[in-house]
Amino acid sequence: TVYPGWVIEAGAPEPWIAVRTDWVRRVVEMDGLAFIPGDRLHEFFSPRHGFNLFSVWSPHGTLRGWYANVTHATRIDFGTSPP
């Protein structure tokens, strides 16, 4: 899935990169945590670790929860724009 995001300073240690994005898709329920249109996500990715993390914030700035994926390490290419 490709969607717009912006690199942010979130205090993540090296080699983690933090990205802010807004949830614009339909409501998605993931193990008791709903992703709702208008939510702001802080997403944390690493080129060395096989997982990533998301903090989910309401449009009013309230932390609603955390979500993690077990996956492959992230490939980061700062020179490519999404299609």
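Attention in this report is confined to the structure presented alongside it. Quantities reported herein were computed from a predicted structural model and do not represent experimental measurements.

**A word on the sheet that holds strand S1 (residues 6-8)**
Right, so step 1: Spatial strand order, S1-S2-S5-S6-S7: five strands in an open sheet with antiparallel pairing. The sheet is open, and its two borders are formed by S1 and strand S7 (63-70), each paired with just one other strand. Each neighbouring strand pair of the sheet contributes to a mean axis angle of 25°, computed without reference to strand direction.
Right, so step 2: In terms of strand pairing, strand S5 (residues 40-45) meets strand S6 (residues 51-57) through five bridges, oriented antiparallel. When the sheet's bridge partners are listed, His42 is paired in S6 with Ser55.

**Thoughts on the packing of aromatic side chains**
Right, so step 1: Enumeration according to the criterion identifies six aromatic pairs in this entry.
Right, so step 2: Taking 5.2 Å as the distance between ring centres and 50° as the angle between the ring planes, the aromatic pair formed by Trp16 and Phe51 counts as tilted. Remark: Phe51 occurs in strand S6 and Trp16 occurs in the loop between S1 and strand S2 (17-22); sequence separation between them is 35 residues.
Right, so step 3: Trp16 sits in the buried class, given a relative accessible area of 14%.
Right, so step 4: Aromatic side chains Phe54 and Tyr67 sit 6.3 Å apart centroid to centroid with 55° between the ring planes, which places their arrangement in the tilted category. Taken together, the residues Phe54 in strand S6 and Tyr67 in strand S7 connect sequence positions 13 residues apart. Judged on exposure class, the residue Phe54 and its partner Tyr67 are both buried.
Right, so step 5: Through a chain of ring-to-ring contacts, three or more aromatic side chains come together here, namely Trp23, Phe35, Phe45, Phe54 and Tyr67.

**Concerning unusual backbone geometry**
Right, so step 1: Each neighbour pair has its own omega, and for Glu14 with Pro15 the value is 5°, a cis peptide bond.
Right, so step 2: Mapped onto the secondary structure, Pro15 falls in the loop between S1 and S2.
Right, so step 3: Located in the positive-phi region is Asp31, a residue other than glycine, with phi close to 50°.
Right, so step 4: Relative to the helices and strands, Asp31 resides in the loop between strand S3 (28-30) and strand S4 (33-35).
Right, so step 5: For Asp31, a relative accessible area of 81% gives the class exposed.

What counts, and where the lines are drawn
Residues numbered from 1 in each chain as written. Predicted model: local features only at pLDDT ≥ 70, side-chain atom pairs only at ≥ 80, totals over all residues. Heavy atoms only, no water. Pairing = 2+ DSSP bridges. Helix = DSSP H or I, 4+ residues; strand = E, 2+ residues; numbered from the N terminus. Axes fitted to C-alpha atoms, helices over the stretch in contact; angles between N-to-C directions. Phe/Tyr/Trp six-rings, centres within 6.5 Å; stacked < 30°, edge-to-face > 60°. Buried < 20%, exposed > 50% of the residue type's maximum accessible area, 1.4 Å probe, protein only.

On their own, these measurements won't tell you what the molecule is for.
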